[in-house]
Structures are given as structure tokens and as C-alpha cells.
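Chains, contacts and geometry: an overview
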Amino acid sequence: MENLLDEVRKCTHCAEYLPLGPRPVLRAHPESKIIVIGQAPGTAVHASGIPWDDPSGDNLRKWMNISTEDFYDERKLAIIPMGFCYPGRGKSGDLPPRKECAPKWHADLFAALPQVQLILLIGQYAQKYYLPKAQRKRTLTDTVRHFQDYLPRYFVLPHPSPRNNIWQAKNPWFKDEVVPSMEEWVHGVLGN
């Protein structure tokens, strides 16, 4: 695992497309029980090198009802985004994750994580990559509303960005039904 992580962290495959240069950000350990798959690092995470080290990470940890210490304990959670490096800025936010990362690295990383019991698919990019088209619903909202259809392997979530507060306000069932269920699954897997 250490050799594989070192190889990923030295990756420069997409360097010419990355405005801030390559800085792959991920965490994993052979004993990890949960994999968190988000989009790609933002500028704060690119700067710190710590995944989910931003307001989105604060929201995600709150949804999970998990301490920062547990969240960053690699024996508990592996953090493997769809894109490992900051992809740059678009018109309405960050660009999508680079499409090269997941096909290049995910299979090898997952093969080195034999203890995984639950995978959190956060946002449309992770869901489109991992859920067969026939299983996904028409929209991310519908996919998240039917989160139980993807258990026990996957737990689907919207992105926890504060920019999604309006979405959460329009969909109160998310905090009433999805968040408590996700918390229960996460704590069940971790034995908390």
C-alpha cells in the first residue's frame, strides 16, 4: 500500500492541464473500512494537502457525526477522490475532476483495501462512475432520495459544499432521513 500511495502521490499524468500543478491528495490504509469518494481537491485542500480540509469537509464530518480524529484515521476511512489534484476554476465553480485519475488508480487502490465495508459516493461524478446507468435515477436528487437502493455497498450523497445549502433547504428529507441513516451505517461499520 505504501508503495502504491507513493506512486499516486508522484503522479504527473495530467500536469499540463492543472493550473496549480500536480499535488495528488488521498489517504488510505489496508485496514480502512470506509472509502470516501468525492470530486477533487479545491484550492484550500491543494494548499494544505489534507483532504476535506475546508467547509465542505466540516459539513461532511457533521453529517457523519464523526470526529476529525476518526475522519483522518486511515485505518477507519480511506479518502480517494475521483480526481486527486485541483482541476482549476470554471465559470460557476471548480472544474470537474480530471477523467484520467479514477481509471488509472482506483482499481489498484481498491484492491489494496480488503477490509472496506462501505463506500460513500459523494456527488454526481462518483455516482456516475460507480453506479451503472440502469441503477442511477434521472437526477442526483432522485438518486440521493433513493439512497437505500444502493446499500449495503454504496451510500450516495450530494456534495456537502455550503453552496448546496439551498438544495438542502428545498429537500428537508435529506437531513431528516438520509443523514441519520448514513450516520447509523458509518458508525455501524466503524463499531462506534
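Everything discussed here concerns the structure shown above.
Let me sum up the structure you'll find in this document. For clarity, every value in this text was computed on a predicted model and none was experimentally measured. (Residues numbered from 1 in each chain as written. Predicted model: local features only at pLDDT ≥ 70, side-chain atom pairs only at ≥ 80, totals over all residues. Heavy atoms only, no water.)

1. Concerning the overall build of the protein
- Looking only at helices and strands, one finds nine helices and six strands in the protein.
- When the backbone C-alpha atoms are referred to their principal axes, the protein occupies close to 40 × 40 × 35 Å.
- Burial statistics for the protein: of 192 residues in total, 48% are counted as buried.
- Partitioning the intrachain contacts of the protein with sequence separation of at least 6 by distance along the chain shows that 70% fall at a separation of at least 24.
- Within the structure as shown, the protein displays about 9700 Å² of accessible surface, and the carbon and sulfur contribution to it stands at 48%.
- Mean positive and mean negative side-chain charge positions of the protein (24 and 21 charges, respectively) differ by 8 Å. (Helix = DSSP H or I, 4+ residues; strand = E, 2+ residues; numbered from the N terminus. Buried < 20%, exposed > 50% of the residue type's maximum accessible area, 1.4 Å probe, protein only. Contact = heavy atoms within 4.5 Å. Areas by Shrake-Rupley, 256 points an atom, 1.4 Å probe, with all protein chains shown as cover. Lys, Arg positive; Asp, Glu negative; His and termini not counted. Charge placed at Lys NZ, Arg CZ, Asp CG, Glu CD.)

2. Looking at the packing of aromatic side chains
- Counted by the stated rule, this structure contains eight aromatic pairs.
- When the ring of F71 is compared with that of Y72, the centres are 5.0 Å apart and the planes differ by 90 degrees; the resulting orientation is edge-to-face. By the burial criterion, F71 is buried, and Y72 matches it.
- Each ring, one from W167 and one from W173, has its centre 5.8 Å from the other, and the planes form 80 degrees; the classification is edge-to-face. Assigned by exposure class, W167 and W173 land together as buried.
- Cluster of aromatic residues (ring-pair linked, three or more members): W63, W167, W173 and F174.
- Over the ring of W105 we find K104; its NZ or CZ atom is 5.1 Å from the centre of that ring. (Phe/Tyr/Trp six-rings, centres within 6.5 Å; stacked < 30°, edge-to-face > 60°. Lys NZ or Arg CZ within 6 Å of the ring centre and 35° of its normal.)

3. Here's the deal with the sheet that holds strand β5 (residues 118–122)
- With parallel pairing, the four strands of this open sheet are ordered in space as β2-β1-β5-β6. If you trace the sheet from one side to the other, it starts and ends with β2 (77–79) and β6 (154–157), each paired once. Here the average twist between neighbouring strands, direction ignored, is 20 degrees.
- Contacts between helix α9 (residues 173–190) and the sheet are confined to β1 (34–37), β2, β5 and β6, with β6 contributing the most and set at about 145 degrees to the helix. (Pairing = 2+ DSSP bridges. Axes fitted to C-alpha atoms, helices over the stretch in contact; angles between N-to-C directions.)

4. Looking at the packing of helix α1 (residues 2–9) against helix α5 (residues 101–111)
- Relative orientation of the contacting elements α1 and α5 amounts to 165 degrees, with a least axis distance of 11 Å. Our classification of the angle between α1 and α5 gives roughly antiparallel. α5 is crossed by α1, and the crossing has left-handed handedness. Of α5, the residues touching α1 (which contributes L4, L5, E7 and V8) are W105, D108 and L109. (Parallel < 35°, antiparallel > 145°, perpendicular 65-115°, else oblique. Left-handed = near helix turned anticlockwise from the far one by under 90°.)

5. A closer look at the pairing of β6
- Neither face of β6 is open: one carries Y154 and V156, the other F155 and L157, and all of them are buried.
- Relative to β6, β5 runs parallel, the two sharing four bridges. Along β6, the bridge assignment pairs L120 with F155.

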